[in-house]
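Architecture and fold: a report
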Amino acid sequence: MASNLSLYNSLSRIKQPFEPIHEGHVGMYVCGPTVYGDAHLGHARAAITFDTLFRYLTHLGYKVRYVRNITDVGHLEHDSDDGEDKIQKKARLEQLEPMEVVQFYLNRYHDDMKRLNVLPPSIEPHASGHIIEQIEYIKKILEAGYAYESNGSVYFDVPKYNQDHPYGKLSGRNIDDMISATRELDGQDEKHSPLDFALWKKASPEHIMHWPSPWGEGFPGWHLECSTMGEKYLGETFDIHGGGLDLLFPHHECEIAQSVAAQGHDAVKYWVHNNMITIDGKKMGKSYNNFITLEQFFSGDHPLLEGPVSPMVIRFFILQAHYRGLLDFSYPALMASEKALQKLTDTYRRLGSLLPAEKSTIEVPDFMSLAYEAMDDDMNTPKVISILFDASKIINSASAGEVKLSKNDITKLRNLFDIFLINLLGMNIGSESEGGNATKAYEGAVDLLMEIRKNAKAQKDWTTSDLIRDRLSNLGFDIKDTKNGVEWSVK
Ligand code: ZN
């Protein structure tokens, strides 16, 4: 398949034609969730962005190994080295075993992802299952001279590293500015510099998640798991590393420093970051009272929502924006997405019942090439959606009998919708899955009513035909008699 995917690389800040390291094979690592609470819209955006990239690379014929980790240890509150582990805190408050917290929220996360039609990654490694590998990785950094042991903990020596390699190259930050922005060390601190970060933390007596190490009982620092598991499953150098823009600094910057220190070279060829979601123009957060979990979207149980929102509407809403742009959520914006998706769904259904003509009465543009071009241009999903709407105009005119389409043109349009709307954008409408079966059954039932109405009309049984039309109209259906028969849609 001819394609020239370009990805915006955060490191170089230019768009680069995508060239995988091993021909035909792509290694992709994406920072997954820290599982200590329900997933929200931010989790959905990251998962959907990389799911779409995963789907597209696979569609282009690459064999993709997609690794998405589970952070279940070492992610501390306040992103500083002296906070409490987020999972341990939840376990303490709810009197649960930490792994109970992890399993509980991981099961819920998987349920949410399934409903959003996010495909499972190839490997989903847990940080807590890779303690030995992380200890070995720390040893390599110590041997290279870029880390030091201090009171049972091991810290990465940022100033020392910066003498040999630029620290801050991903985020474009400069070490002097960073130092002036951080608090002074108070002399009691184990760290040599405020910029140094923990590779291994000594466990305090109340800490329940700890493992033995050459430096004593402790646990790994959060940034370490991704460098370690990326190398373990994708090799010393791999193609794509993704995550939310909020992870760019310090998490990904620290990952780069760790892998350069341990391996002597960069691990990642392309850094891809999805932008954040704001709610009514404000940052999303529990303190802003605008924190909506995916569960709450699906049930409609939140003051900012007027009813349940279908997972496919959330997915469509997210893909209507380019992944690198900030996306602002509001209930009216979500409802506009619902309408837009309903239009495409109606069109897709009409496409299935179009009758071909000898030849087309209009020239159908090459939508397929335009859609591939849009995906190749840094995964421009909003452009793909607008191309589907352009194609919809022609399909709907044909369905209304205003224009005629040849069999060849109808096949091309069907392929366009099957590949781009169903497969790549992942809209689970009318497919064989659970939601698709329900849609199929519902459409079949309405089609059956249309058939009964048609027979009633043929027998001049106006009472029955009017009853069906009026009752369906009251239920919100729009019924039109066209040259091709009867057309129905939801108003
Ligand atoms: Zn990570």
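Scroll up to find the structure.
The following paragraphs examine the structure supplied in this document.

Definitions and limits used
Throughout this description, residue numbers start from 1 for each chain and increase along the sequence as written. At least 70 in pLDDT is required for a residue's local features to be given in this predicted model, at least 80 for side-chain atom pairs to be given and counted, and no such filter applies to totals for whole chains, interfaces and linings, which use all residues. Side-chain calculation: all heavy atoms of the structure are included, whereas hydrogens and water are not. Elements are defined by DSSP. Helices are runs of H or I of four residues or more, strands are runs of E of two residues or more, and each kind is numbered from the N terminus. In what follows, a contact means two residues having at least one pair of non-hydrogen atoms within 4.5 Å. In this count, Lys and Arg are taken as positive residues and Asp and Glu as negative ones, while His and the chain termini are left out. All charge positions are set by atom: Lys at NZ, Arg at CZ, Asp at CG, Glu at CD. As a rule, N, O and S atoms within 2.8 Å of a metal are its donors, except that Na, K and Ca use 3.2 Å; water is not among the atoms, so sites may look incomplete. Buried means the residue's accessible area, taken with a 1.4 Å probe over protein chains only, is under 20% of the maximum for its type, while exposed means over 50%, and partly exposed covers the values in between. Paired strands, in this sense, are two strands between which DSSP finds at least two bridges. With axes taken as lines fitted to C-alpha atoms, and helix axes fitted only over the stretch in contact, angles between N-to-C directions fall between 0 and 180 degrees. Any angle between 65 and 115 degrees counts as roughly perpendicular, while under 35 counts as roughly parallel, over 145 as roughly antiparallel, and the rest as oblique. Classes in brief: Ala, Val, Leu, Ile, Met, Phe, Trp, Tyr, Cys and Pro nonpolar; Asp, Glu, Lys and Arg charged; the others, Gly included, polar.

What follows covers the overall build of the protein chain. Along the backbone of the protein chain there are 16 helices and 15 strands. Projected onto the principal axes, the alpha-carbon positions of the protein chain cover approximately 95 × 50 × 35 Å. Considering only intrachain contacts with a sequence separation of at least 6, the fraction spanning at least 24 residues in the protein chain is 73%. Charge separation in the protein chain, taken as the distance between the mean sites of 51 positive and 69 negative side-chain charges, equals 9 Å.

We now examine the coordination of the zinc ion. Looking at the zinc ion, one finds its protein donor set to be Cys31 (SG), Cys226 (SG) and His251 (NE2), positioned 2.0 to 2.1 Å from the metal centre. Each donor residue of the zinc ion lies on one chain, and together they are spaced C-x194-C-x24-H. Of this pair, Cys31 sits in the loop between β3 (25-30) and α1 (41-59) while Cys226 is found in helix α7 (residues 222-234), placing the two residues 195 residues apart along the sequence. Looking at Cys31, the relative accessible area reads 10%, which means it is buried. Under the relative-accessibility criterion, Cys226 is labelled buried at 2%.

Let us now look at the sheet that holds strand β12 (residues 282-283). Ordered in space as β12-β11-β13, the three strands form an open sheet in which the pairing is mixed. Each having just a single partner strand, β12 and β13 (327-329) make up the two edges of the open sheet. In the sheet, strand β11 (residues 277-279) pairs with β12 via two bridges, with the strands oriented antiparallel. Its bridge partner lying in β12, Thr278 is registered against Lys283.

Now for the packing of α1 against helix α10 (residues 311-319). Contact geometry of α1 with α10 gives a least axis separation of 10 Å together with a crossing angle of 75°. Taken together, the axes of α1 and α10 are roughly perpendicular relative to one another. Within the contact between the two elements, α1 uses Leu41, Ala44, Arg45, Ile48, Asp51, Thr52 and Arg55 and α10 uses Ile314, Arg315, Ile318 and Leu319. When grouped by side-chain class, the residues that make up the contact of α1 with α10 number six nonpolar, one polar and four charged.

Nothing here speaks to function; it is all geometry.
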